[in-house]
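Structural description and commentary
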Amino acid sequence: MNDSGTPVHRRGALRAGAGAALAAALATGCGDHATAGTSAKTLTHPAPKKPAATGAPAPAPAPRRFPGQPVQIDHGPRDRARVALTFHGQGDPAIARTVLAEAERARAQITVLAVGSWLDEHPEMARRILDGGHDLGNHTQRHIDISSMGEAQAYAEITGCAQRLRRLTGSIGTWFRPSRTQYATPLVQRLAVRAGYPHVLSYDVDSLDFTSPGAAAVTRKVAGEIRNGSVVSMHFGYADTVAALPLLLTELDRRGLRAVTTTELLT
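In what follows, the accompanying structure is described. Being a predicted model, the structure only gives us computed values, none of them experimental. (Residues numbered from 1 in each chain as written. Predicted model: local features only at pLDDT ≥ 70, side-chain atom pairs only at ≥ 80, totals over all residues. Heavy atoms only, no water.)

With that out of the way, let us pick up the pairing of strand E2 (residues 82–89). Counting buried positions along E2 yields eight of eight residues, so the element is predominantly enclosed. Judged by which residues are buried, E2 turns out to be covered on both faces: Arg82, Ala84, Thr86 and His88 on one side and Val83, Leu85, Phe87 and Gly89 on the other are all buried. Here E2 pairs with strand E8 (residues 258–259) via two bridges, running parallel. Paired with Val83 across the bridge in E8 is Ala259. Sheet analysis places E2 next to strand E7 (residues 231–235), joined by five bridges and oriented parallel. Bridging from a neighbouring strand, Thr86 pairs with Ser233 of E7. (Buried < 20%, exposed > 50% of the residue type's maximum accessible area, 1.4 Å probe, protein only. Helix = DSSP H or I, 4+ residues; strand = E, 2+ residues; numbered from the N terminus. Pairing = 2+ DSSP bridges.)

This part takes up the pattern of salt bridges. Summed over all chains, the structure comprises twelve salt bridges. When the shortest N-O distance is used, the salt bridge between Arg78 and Asp204 registers 2.9 Å. With Arg78 in the loop between strand E1 (72–73) and E2 and Asp204 in the loop between strand E5 (200–201) and strand E6 (205–206), the pair connects residues that are 126 residues apart, well separated along the chain. Arg78 gets classed as partly exposed once you look at its relative accessible area, which sits at 29%. The class of Asp204 is partly exposed, set by a relative accessible area of 25%. For Glu102, the salt bridge goes to Arg105, with nearest N and O atoms at 2.8 Å. (Salt bridge = Lys/Arg side-chain N within 4 Å of Asp/Glu carboxyl O.)

Counting 53 residues, the largest nonpolar core has Leu85, Ile110, Trp118, Tyr197, Phe236 and Leu252 as its most contacted members. Once residues within four sequence positions are removed from consideration, Leu85 is found in contact with Ile110, Thr111, Val232, Leu245, Leu248, Leu249, Leu252, Ala259 and Val260. (Core = buried A, V, L, I, M, F, W, Y, C linked by side-chain atoms within 4.5 Å. Contact = heavy atoms within 4.5 Å.)

Two elements in contact, helix H7 (residues 215–225) and helix H8 (residues 239–255), have axes separated by 8 Å at closest approach and are oriented at 35°. The chirality of how H7 crosses H8 is right-handed. The residues of H8 that touch H7, namely those facing Ala215, Val218, Thr219, Val222, Ala223 and Gly224, are Asp240, Ala243, Ala244, Leu247, Leu248, Glu251 and Arg255. Its residues assigned to classes, the contact of H7 with H8 comprises eight nonpolar, two polar and three charged. (Axes fitted to C-alpha atoms, helices over the stretch in contact; angles between N-to-C directions. Left-handed = near helix turned anticlockwise from the far one by under 90°. Nonpolar A, V, L, I, M, F, W, Y, C, P; charged D, E, K, R; others polar.)

Another point: the packing of aromatic side chains. One pass over the full model with this rule turns up four aromatic pairs. Seen in terms of ring centroids, Trp118 and Phe236 are 6.1 Å apart; in terms of plane orientation they differ by 55°. Their pairing is tilted. Here the residue Trp118 occupies a position in helix H3 (residues 116–121), and Phe236 occupies one in the loop between E7 and H8, the gap between them amounting to 118 residues. For the residue pair Trp118 and Phe236, the accessibility class agrees, reading buried in each case. (Phe/Tyr/Trp six-rings, centres within 6.5 Å; stacked < 30°, edge-to-face > 60°.)

The next subject is the environment of Ala94. Take Ala94: it is sitting in helix H2 (residues 93–105). A relative accessible area of 39% places Ala94 in the partly exposed class. For the pair Ala94 and Phe236, spaced 142 residues apart in the sequence, the C-alpha separation amounts to 9.5 Å.

Among all residues save glycine, negative phi is the norm, and among peptide bonds the norm is trans. At His143, a residue that is not glycine, the phi angle is positive and equals roughly 55°. Its place among the elements puts His143 in the loop between strand E4 (135–138) and helix H5 (151–169). The residue Leu208 is not glycine, and still its phi comes out positive at about 60°. Along the polypeptide, Leu208 turns up in the loop between E6 and H7. With relative accessibility at 32%, the residue Leu208 sits in the partly exposed group.

Attention now moves to the pairing of strand E3 (residues 111–114). Across a regular strand the side chains alternate sides, sitting on one face of the sheet and then on the other. Of the two faces of E3, the one holding Thr111 and Leu113 and the one holding Val112 and Ala114 are both buried throughout. As judged from the four bridges shared by E2 and E3, these two strands associate in the parallel manner. The partner of Phe87 across the bridge, within E3, is Val112. Read from E2 through H2 to E3, the crossover connection turns out right-handed. Sheet topology note: the E3/E4 ladder contains four bridges and is parallel. In the strand pairing of E4, Thr111 is matched with Asp135. (Right-handed = clockwise from strand over helix to strand, strands pointing away.)

Our next topic: H7. Of the residues making up H7, those classed as buried are Ala215, Val218, Thr219, Val222 and Ala223. Each buried residue of H7 lies within a common arc of 120° when the element is viewed along its axis, so the set occupies one face. Counted as exposed and oriented over 90 degrees from the buried face of H7: Arg220 and Gly224. In this fold, the buried residues of H7 make contact with E6, E7 and H8. (Arc of directions from axis to C-beta.)

Here it is, written out as structure tokens:
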């Protein structure tokens, strides 16, 4: 399994502003649209009816090819002060929501590679991730060792999660990351491309948060290795990750590094 160089002393004000803006947006979004009526006495014929709003969200972004990039990507450009924090999507959804909220308070965007079985249990999380402006991708259906599988079973792991993502969001997700390995084998790379993913997303910094070493250790590990273009591997479902994220985001801010989606990192 495994560029905003805002000074740190302004971070609290920025977070408060972000929270107020979020609350205002939610309040506005919940308001009903009034429909003006016209007296029937002034009309010869009834006013034409507007099509009923379906309320269905737009389909999520589809995978895209990045020219000049290899099939397997483990970092972005080293000449821009951007990084991608990527999260394995599995575990307690309450912890996942806390991680998402903390990132949003810091005006950071992340990438979530969701496990299909997790989406089966918590389907609402797919839209929650997308509504926060984050990337959502595929981390296989059952999160077992894909490198040890035969072709048919490995392909089923990729497409099983892809089908759930399409059903929930209208897209198979923007990224694929293999389970229980940092790098995909040549076979898994070929299968991912066959399934519709032009790239496989790896990483160059492993937080090791899944070992539960404590928030300070997670922060030190990432801060000691992260640089322009880094892709960091982290996980939902671990308390240390929740506790470390504010510290890490503050450190990125101090260094002038901006946390963006992987799509933005490579664009």
